[in-house]
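Residue-level structural notes
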Amino acid sequence: MSNSNNIIILVARILLAFMFIFAGFGKLTDPAGTAGMIAGAGMPAATLLTYLAGTFEFVTGVCVLIGFQVRIVGWLLALFCVFTGIVFHLPTVNVPDFPAAANGWINGLNFVNFLKNVTLAGAYIMLATNGAGVYSLDARRGAYAAA
């Protein structure tokens, strides 16, 4: 693989890592909003699940950023994206006392988030399949066969 391709993989990893590092940090430092969404989806132990999700997102984001265990982490993040997309972004939202147009707008944005999650799952599957590239801890450990 050419050096320019490895640089592109590094840039892609940085971009793919940013969202989860940022989101995980947010959940860990201010869990209330996410806990409310989890509780609203009917799931138990919303605060605990928020901290678990925040930790998962932050740690896996850092792993993608530094290129550590990317083949495993890529599959985990792909599954996480599909799961959260189906559970939290695909169902219809109906906020009581909101006008129908506002609920329609919220549902439109929610569906965009579902599509974002499915798209990210594809990116993480590609990362899991192709590996972290030569500019990674996986390559330094010999876990990535550089071409």
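These remarks concern the structure in this document. Along every chain, residues carry numbers that run from 1 in the direction the sequence is written. Reporting of local features is limited, given that this is a predicted model, to residues whose pLDDT is at least 70; pairs of side-chain atoms are given and counted only at 80 or more, and all residues count toward the totals for whole chains, interfaces and linings. Values reported for side chains reflect all heavy atoms of the structure, with hydrogen atoms and water molecules removed beforehand.

**Details of the packing of aromatic side chains**
What counts here: Centre distance within 6.5 Å is the pairing criterion for rings of Phe, Tyr and Trp, where only the six-membered ring of Trp is used; planes under 30 degrees apart are then read as stacked, over 60 as edge-to-face, and the remainder as tilted. Numbering goes from the N terminus for both helices and strands, where a helix is a DSSP run of H or I of at least four residues and a strand is a run of E of at least two. For every residue, the accessible area (1.4 Å probe, protein chains only) is compared with the maximum for its type, and the residue is labelled buried under 20%, exposed over 50%, or partly exposed between those bounds.
Enumeration over the complete set of coordinates arrives at 5 aromatic pairs. Seen in terms of ring centroids, Phe 18 and Phe 22 are 5.7 Å apart; in terms of plane orientation they differ by 20 degrees. Their pairing is stacked. Residue Phe 18 and its partner Phe 22 are located together in helix α1 (residues 3-29), separated by 4 residues, close to a single helical turn. Neither Phe 18 nor Phe 22 differs from the other in exposure class; each is exposed. Between Phe 20 and Phe 80, the ring centres sit 6.0 Å apart and the planes meet at 65 degrees, which makes this aromatic pair edge-to-face. Of the two residues, Phe 20 sits in helix α1 while Phe 80 sits in helix α4 (residues 70-89), which places them 60 residues apart along the sequence. Overall, the relative accessible area of 3% leaves Phe 20 in the buried class. Owing to a relative accessible area of 16%, Phe 80 belongs among the buried residues under this scheme.

**Structural notes on the layout of surface pockets**
If a probe as big as a water molecule is rolled over the atoms, it shows which places are left empty. This is how it is decided: Here a cavity is any set of points on a 1 Å grid over the protein atoms alone where a 1.4 Å probe fits but cannot get out, and a pocket is any open set with protein on both sides within 12 Å along at least 5 of 7 lines; a residue lines the site when it has an atom within 4 Å of a point. Grid points are joined across faces, edges and corners, and a volume is the space filled by probe spheres set on the points. Lys, Arg, Asp and Glu make up the charged group, whereas Ala, Val, Leu, Ile, Met, Phe, Trp, Tyr, Cys and Pro make up the nonpolar group; the residues left over, Gly among them, are polar.
Each pocket or cavity is described by its volume, and for the largest pocket that value is around 450 Å³. Forming the walls of the largest pocket are 21 residues, and the residues nearest its centre are Lys 27, Ala 53, Glu 57, Phe 80 and Thr 84. Counting residues per element, the ones that place at least two in the lining of the largest pocket are α1, α2 (32-40), α3 (46-66), α4 and α5 (100-130). Take the lining of the largest pocket: its biggest share by element is 6 residues, from α4. Considered class by class, the residues forming the lining of the largest pocket number 14 nonpolar, 4 polar and 3 charged.

**A short note on unusual backbone geometry**
The backbone phi angle of Gln 69 is positive, close to 55 degrees, even though this residue is not glycine. Tracing the backbone through its elements, the reader meets Gln 69 in the loop between α3 and α4. For Gln 69, a relative accessible area of 27% corresponds to the partly exposed category. One non-glycine residue with positive phi stands out, namely Asp 97, at about 70 degrees. Along the chain, the position of Asp 97 falls in the loop between α4 and α5. We classify Asp 97 as exposed; its relative accessible area is 81%.

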